[in-house]
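Single-letter residue listing:
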Amino acid sequence: DIEMDRVLQLREVFNRASAEAARGDEAKAKQAKLSVNDFIVKAAALALKQVPAANSAWHGEYIREYHTQDISMAVATPNGLITPIIRNCGAIGLTEIGKQSKELAKKARDGKLKPEEYQGGTFTISNMGMMGTTNFTAIINPPQAAIIAVGSIDETPVVRNSEITIGQIMKATISVDHRVADGAVAAEFMQE
C-alpha cells in the first residue's frame, strides 16, 4: 500500500504550471500533462538505482545486473499486450518520461513500434489502475528479474497522527524471479 496524497498534489501543481505555460494551446497542455504512471516510472527507476539486484536478468548460466533503468511499460493494443521501453529513466526527468510514455503508447496502439523500442528492458511496470483494478499480480517478462503490478488509487481510511483520516492509497505488487533476486530484495525495492 502506497500513500499517494503528496504525489497527486505534486502532479496537480506540475500540470497546472504546464497548462499555464501552454498559454491556451490545449494540444500543448495535453502533451505536457503528467500521468500518475509517469511518477511511478520515475520512482521505480530511483528505487532500481538503490536496489540494483531488482534491475537484473537471468541468462541461464549467469545473472546480469544493469546500470541503466530501461523500464518497460505494459500497453494494451488491439493485437494484445506489448511493452515499449522508456530508456535510462534514472537519468531523465518527469517531463521527458511523460513525453516518451505518450509517444511510445501511441506507437504501440498504432502498431508502429520498432523492435528496439520494445526489446531489452530491464524492469517492467504493468498499471491497470486506470481501469479500476485495485490490485493484481503480473507475470515477469523473461529474462527480467521483476515486474510491478500497479492498481488504482482509492480513498482509504488511514491513521495519521493517531487520528483516522482519508488517504489516497495505491496498491502495488511485485513479482520476482527467485533465480535472480529473493523476497528480501523485493521487499527492499518496494520500501524504496
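This is a predicted model, so every value here is computed, not measured.

### Quick look at the overall build of the protein
Turning to step 1, where the next piece is worked out: Counting its regular elements, the protein contains five helices and 10 strands.
Turning to step 2, where the next piece is worked out: Its C-alpha atoms give the protein a radius of gyration of 17 Å, near enough to 16 Å, the size a compact globule of 192 residues would have.
Turning to step 3, where the next piece is worked out: Projected onto its principal axes, the C-alpha positions of the protein cover 55 × 50 × 30 Å.
Turning to step 4, where the next piece is worked out: The buried share among the 192 residues of the protein stands at 42%.
Turning to step 5, where the next piece is worked out: Excluding contacts between residues fewer than 6 apart, the proportion of contacts in the protein whose partners are at least 24 apart in sequence is 56%.
Turning to step 6, where the next piece is worked out: A total accessible area of about 10,900 Å² is found for the protein, and carbon and sulfur atoms account for 52% of it.
Turning to step 7, where the next piece is worked out: Between the averaged position of the 21 positive side-chain charges in the protein and that of its 23 negative side-chain charges there is a distance of 8 Å.

### Remarks on the packing of helix α3 (residues 36-50) against helix α4 (residues 94-109)
Turning to step 1, where the next piece is worked out: Where α3 contacts α4, the axes come no closer than 9 Å and their chain directions differ by 120 degrees. Relative to α4, the crossing made by α3 is right-handed. Between α3, through D38, F39, V41 and K42, and α4, the contact on the second element is made entirely by L94, I97, G98, S101 and K102.
Turning to step 2, where the next piece is worked out: Among the residues making up the contact of α3 with α4, the classes are represented as four nonpolar, two polar and three charged.

### Notes on the pairing of strand β9 (residues 146-160)
Turning to step 1, where the next piece is worked out: As defined by bridge partners, strand β8 (residues 123-127) adjoins β9 across four bridges and the pair is classed as parallel. Bridge pairing links T124 to I147 in β9.
Turning to step 2, where the next piece is worked out: Pairing geometry for β9 and strand β10 (residues 163-176), over 13 bridges, is antiparallel. Bridged to V159 within β10 is I164.
Turning to step 3, where the next piece is worked out: Between β9 and β10, which pair antiparallel one after the other, the connecting turn spans two residues, and N161 there sits at a positive phi close to 55 degrees.

Criteria and thresholds
- Residues numbered from 1 in each chain as written.
- Predicted model: local features only at pLDDT ≥ 70, side-chain atom pairs only at ≥ 80, totals over all residues.
- Heavy atoms only, no water.
- Helix = DSSP H or I, 4+ residues; strand = E, 2+ residues; numbered from the N terminus.
- Rg over C-alpha atoms; globule rule 2.2 N^0.38 Å.
- Buried < 20%, exposed > 50% of the residue type's maximum accessible area, 1.4 Å probe, protein only.
- Contact = heavy atoms within 4.5 Å.
- Areas by Shrake-Rupley, 256 points an atom, 1.4 Å probe, with all protein chains shown as cover.
- Lys, Arg positive; Asp, Glu negative; His and termini not counted.
- Charge placed at Lys NZ, Arg CZ, Asp CG, Glu CD.
- Axes fitted to C-alpha atoms, helices over the stretch in contact; angles between N-to-C directions.
- Left-handed = near helix turned anticlockwise from the far one by under 90°.
- Nonpolar A, V, L, I, M, F, W, Y, C, P; charged D, E, K, R; others polar.
- Pairing = 2+ DSSP bridges.

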